[in-house]
Amino acid sequence: IIDTSDSDVNPNAGIPIYRIPGVNGMGQDRGALVQIAGDKIDAILQEFKPGTLTVLVGSLAGGSGSALNFLLMRELLARGLPVVFFAVASSASGKEITNTINSLESLAKLTRSGRPVPIAYYENTNEDDDRDGTGIRTDVDEWLANDLRALALVFSEEHHKLDRKDMENFFNYSKVTPIKPQMVELKLAIGDADLSSVKDQTIATFSLLKAENEPVPELGQQYGPTGFYRDGIAEDAENITFVLTAKDLPDRVAALQLKKEYYDSVEKKLNASKAAIDLDEGDDQDMVF
C-alpha cells in the first residue's frame, strides 16, 4: 500500500505500506499530491520493487491514489517495464468526476513516451450495471479481485508456450505491431464469454487454453500469444483470454463528460443563489458591531 493517510489502512492486516510523510490525506486534491510525492517515486520503487509484471490498483477519483498511480505508471513506462493499472472511476460528486476525467486524460498523455498505457477500467455507481466492473462498491471490489487472480494465473510464466517476452510484447504491442501507442483497456474473457463486441477492434490477445485443440478467439488481433495449462490442472480449468482494445474507452469518457455537465449546471445554480444577508460593499470589516 502507498498512501498519504492512515484512515485507509488496517494496522493489523500486516500489509507493507509506504506512508507519504508530512501529510494526512489529500482531500481529493490531485495537483497537491503530485507536488508532494513527485520526488518520492524512486524511494517507493526501491521499497516495492517492480516484478515481472507490475499491477497498480487504485482510484481515479481521489487525491492520493489517482496521482500516485499516474506518477508510478509514468516512471515504470519510462523504465520500459510491463505495467497495467486497475483503475476505479467514480462519479459520486462533482470533484470525483472531475478527478476521474482529468486522471484519464493524464494517463492518455503518457502515450507520448511511445508506449501503450493499459488500464483495466472499473466504475463505482449507486446501482447494478449490465457490465461486470461497473456497479456498487462491493461488487466492483469482487470483480476487480477476481480479475486480478486471473491475471496472476495467466501471466505467471508457469504454462506451456507462454514466456516473459510474450507478456512484455502484449503490454507493449507497438513494439511488435504497426498499431500506434494508445491508452487501451484490458478486458477479460473466461470460458465461453462473448467477445463479439470487440471483434475487429482488438489490438492484442493473450490466451491460456486447456488444450491445443481449443479455438483461439478470432478478433482481428495484431498480436496474440497462446499457451496451455501445465499438465495436471487442465481438466478443472477454463479457457482464459485477455484482450487489449481501445474500443469502449471513448464511450466511457463521453458518459463521464455527460455526468459532469450535470454537476456543472448545479455549480452554476449554487454560485448564482442569493446570499442570505446582503453585504455592505463599502464596509471591509469582518466583525459586525
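An account of the accompanying structure is given in this report. These numbers come from a predicted model, not from an experiment. (Residues numbered from 1 in each chain as written. Predicted model: local features only at pLDDT ≥ 70, side-chain atom pairs only at ≥ 80, totals over all residues. Heavy atoms only, no water.)

## Some words on the nonpolar core
Next, step 1: Formed by 32 residues in total, the largest nonpolar core has its most connected members in L60, M73, F85, L107, V117 and I119.
Next, step 2: Elements represented by at least two residues in this core include exactly α1 (30-37), α2 (41-47), α3 (64-78), β4 (83-90), α4 (94-109), β5 (117-124) and α7 (249-272).
Next, step 3: A per-element tally of this core places α3 first, with eight residues.
Next, step 4: Once you skip the residues sitting within four places of it in the chain, V117 turns out to touch M73, L77, L107, L110, T111, Q182, M183 and V184.
Next, step 5: Within the second largest apolar cluster, 30 residues are counted, among which are W143, V154, F155 and Y173. (Core = buried A, V, L, I, M, F, W, Y, C linked by side-chain atoms within 4.5 Å. Buried < 20%, exposed > 50% of the residue type's maximum accessible area, 1.4 Å probe, protein only. Helix = DSSP H or I, 4+ residues; strand = E, 2+ residues; numbered from the N terminus. Contact = heavy atoms within 4.5 Å.)

## A short note on the side chain of E185
Next, step 1: Mapped onto the elements, E185 comes out in strand β7 (residues 183-190).
Next, step 2: Only 3.0 Å separates the side chain of E185 from the side chain of R252, close enough to count as a polar contact. (Polar contact = N/O pair within 3.5 Å; in protein donor to acceptor, adjacent residues only side chain to side chain.)

## Some words on the pairing of β4
Next, step 1: Of all the eight residues making up β4, eight are buried; the element is thus mostly covered by neighbouring parts of the structure.
Next, step 2: Neither face of β4 is exposed, since V83, F85, A87 and A89 on one face and V84, F86, V88 and S90 on the opposite face are all buried.
Next, step 3: In this structure, strand β3 (residues 54-59) lies alongside β4, joined through six bridges in parallel fashion. Across the sheet, the residue bridging to V55 is V84, located in β4.
Next, step 4: Note that the unit made of β3, α3 and β4 has a crossover that is right-handed. (Pairing = 2+ DSSP bridges. Right-handed = clockwise from strand over helix to strand, strands pointing away.)

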